[in-house]
Amino acid sequence: MGKSLAHSRILFYIPEGNVETSGVYASQVLGLARYCVKIGAKCLIFQWAPCQRSGKEIRYRNLEEGIDVVEDFVPRKYRQFWFQTRDYRRLNKRFIKAFVEFSPTHIYCRQYQTCRAAKDIAVSERATLIYSMRGPDAFERRQMGGIKNFVASLYTAWAVRRAMKACDKFTTMSHSFAKWNKEKFGRDAIVFPCCVTDGFFKQTNEAEKRSVRLSLGFAEDDTVVVWCGGVFVWQRLDDVVCLLRDMSKSDSKMKVLFIVREADEMRSLCAKHGYDKSKYRIISLNPTDVPKYLQACDVGIDCLLQDDFKCSICCPVKIGEYLASGLPVLATSNMGDVPKRLSESGAGAILAEPLNAKDALAKMNRLLGVDKEVMRNAAKKYYSWDGNKVPVATLFS
């Protein structure tokens, strides 16, 4: 099998999202499309860009070299999730001309609803239908609790199984999740992780790093630990804040930067746990600004729930972003393939449970002596698109 995609024409079928307004889709869909173009493919992204004032229903345009976009502009009313596949099938009728003219060899979907909706297009165009399974949908629904969510989880489990039967290939982001799928559905996954965008690999100069630190009120000789993410229950933020608070009490030179969209919620959480305001900063950033702020820090941290299935099969993109920025990583043991990769590469350490400051400080201080190239090399090997060229090419060959 060659590593070129010169004969591949990939339709990224994401009527539920937008690669220009969603950070996740920009990273994991547009980033993947750009890499496919780099190794020879042509790409068309079908996305949703609702606009009340446009007076248009459809727009077809070139996004960048090798990547065109066709957009649905029509605002949508809220619909229960079990109607979504039917709605997408109806939507296809308005866009079928664009799909046929593109003549896809592959159709890539990220949801079980969209995978089932794209099946008819794949059959008519004789294209390979790819389902990128991002998580355990039925499990997540059931975990929400209550009889309604339990019933909804039964439908979701049925629909996911239908999507697995409909697709020709499927991919996921961790070997642990691939193993689970093999046991449940009897199918082998093509595995590659959530890869990071090129911006995290582009190193800023020392003057800019100093400028960022000073703008945050951190001294050059402070040890800055960064936590970057969203406020979700699986992030166990109460435990994280208490851990960092206790570490800061033991090490007067340790400071913390929280990069989070929900800044007010994080401030309330820190206040709740009596975290000294002089020891941390909380900021919200545009995605394009995140790399330079990460590179101004010294260590990244990510902690997920223990004994949680979703966490056990996940692949947090922040791990790759930390490593690409040259930061060693402190992580918990229940995190997909991450613990094994950090141990093998020497680019991080696994925190003891329950979380405690003494253990975390000892591991952090050891990691501070590791050359930054160790982390960057780990990121290139595990979390870059080039490092995953073989599985990507296999998926779209």
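Asker: Give me the lowdown on the environment of Asn377, citing residues and values where you can.
Answerer: Structurally, Asn377 can be placed in helix H15 (residues 372-382). Between the C-alpha atom of Asn377 and that of Val123, which follows or precedes it by 254 residues, the distance is 42 Å.

Asker: Outline the packing of helix H5 (residues 147-166) against helix H6 (residues 175-185), supporting the account with residue identities and numerical values.
Answerer: Interhelical geometry of H5 versus H6 gives an angle of 90° and a closest axis separation of 12 Å. With respect to H6, the element H5 is oriented roughly perpendicular. Packed against H5, whose contacting residues are Val160, Arg161 and Met164, the element H6 presents Asn181, Lys184 and Phe185 at the interface.

Asker: With reference to specific residues and values, describe the environment of Lys279.
Answerer: Relative to the elements of secondary structure, Lys279 occurs in the loop between helix H9 (263-272) and strand E11 (280-283). Taking the C-alpha atoms as reference, Lys279 lies 54 Å from Ala98; in sequence the two are 181 residues apart. Not counting chain neighbours up to four residues away, the residues in contact with Lys279 comprise Ser248, Ser252, Met254, Lys255 and Val256.

Asker: Please give an account of the packing of aromatic side chains that cites residues and values.
Answerer: Two numbers describe a pair of aromatic rings. These are the distance of the centres and the angle of the planes. Under the defined criterion, the tally for this structure stands at 22 aromatic pairs. Where Phe81 meets Trp82, the ring centres are 5.2 Å apart and the plane angle is 70°; that geometry is what we call edge-to-face. The class for Phe81 is buried, based on a relative accessible area of 10%. Given a relative accessible area of 40%, Trp82 falls into the partly exposed group. Look at Tyr108 and Phe396: their rings are 6.2 Å apart centre to centre, the planes differ by 45°, and that puts the pair in the tilted class. Highlighted residues: Tyr108 in strand E5 (residues 106-109) and Phe396 in helix H16 (residues 389-396), separated in sequence by 288 residues. Here Tyr108 and Phe396 have matching classes, each one buried. Here the aromatic residues Phe81, Trp82, Phe83, Tyr155 and Trp158 are joined through ring pairs into a cluster of three or more. One Lys or Arg, Arg341, reaches over the ring of Tyr383 and ends 5.5 Å from the middle of that ring.

Asker: A description of the sheet that holds strand E6 (residues 128-132) should follow, citing residues and the corresponding values.
Answerer: Backbone hydrogen bonds hold the strands of a sheet together, and the pairing may be parallel or antiparallel. Ordered by their spatial adjacency, 8 strands build an open sheet running E3-E4-E2-E1-E5-E6-E7-E8, and the pairing between neighbours is mixed. Because the sheet does not close on itself, it has two edges, and the strands there are strand E3 (58-64) and strand E8 (190-191). Both strand E1 (residues 9-14) and strand E2 (residues 42-48) contribute to a ladder of 6 bridges, which runs parallel. Across the sheet, residue Arg9 finds its bridge partner in E2, namely Lys42.

Asker: Outline the nonpolar core, listing residues and values.
Answerer: Soluble globular proteins: nonpolar side chains tend toward being buried together. Ranked by internal contacts, the top residues of the largest apolar core, which has 73 residues, are Tyr13, Ile107, Leu129, Tyr131, Leu257 and Leu323. Other than its neighbours up to four places away in sequence, Leu257 contacts Leu216, Phe218, Val224, Val225, Val226, Trp227, Arg281, Ile283, Tyr293 and Cys297.

Asker: Go over the sheet that holds strand E12 (residues 299-302) with me, naming the residues and quoting the values.
Answerer: Here we have 6 strands laid out as an open sheet, ordered E11-E10-E9-E12-E13-E14, and parallel in their pairing. The open sheet has two edge strands with one neighbour each: E11 and strand E14 (348-350). Taking each pair of neighbouring strands and ignoring which way they run, the sheet shows an average axis angle of 20°. The pairing of strand E9 (residues 223-229) with E12 spans 2 bridges and is parallel. Considered in E12, the bridge of Val225 is made with Val299. Packing against the sheet, helix H14 (residues 357-367) makes contact with E9, strand E10 (254-260), E12, strand E13 (329-331) and E14, and its axis sits at approximately 165° to E14.

Asker: Mind laying out helix H1 (residues 23-38), listing which residues take part and the relevant values?
Answerer: Counted at 1.5 Å a residue, the expected span for H1 with its 16 residues is 22 Å, and the 21 Å between its end C-alpha atoms agrees. Along H1, the largest kink reaches about 25° and is centred on Leu30. Tyr25, Ser27, Gln28, Val29, Leu30, Gly31, Leu32, Ala33, Tyr35 and Cys36 are the residues of H1 that are buried. In the segment just after H1, Gly40 is the residue with positive phi, at about 115°.

Reading guide: rules and limits
Residues numbered from 1 in each chain as written. Predicted model: local features only at pLDDT ≥ 70, side-chain atom pairs only at ≥ 80, totals over all residues. Heavy atoms only, no water. Helix = DSSP H or I, 4+ residues; strand = E, 2+ residues; numbered from the N terminus. Axes fitted to C-alpha atoms, helices over the stretch in contact; angles between N-to-C directions. Parallel < 35°, antiparallel > 145°, perpendicular 65-115°, else oblique. Contact = heavy atoms within 4.5 Å. Phe/Tyr/Trp six-rings, centres within 6.5 Å; stacked < 30°, edge-to-face > 60°. Buried < 20%, exposed > 50% of the residue type's maximum accessible area, 1.4 Å probe, protein only. Lys NZ or Arg CZ within 6 Å of the ring centre and 35° of its normal. Pairing = 2+ DSSP bridges. Core = buried A, V, L, I, M, F, W, Y, C linked by side-chain atoms within 4.5 Å. Expected span 1.5 Å × (residues − 1). Bend = angle between axes of the 7 residues up to and from the residue.

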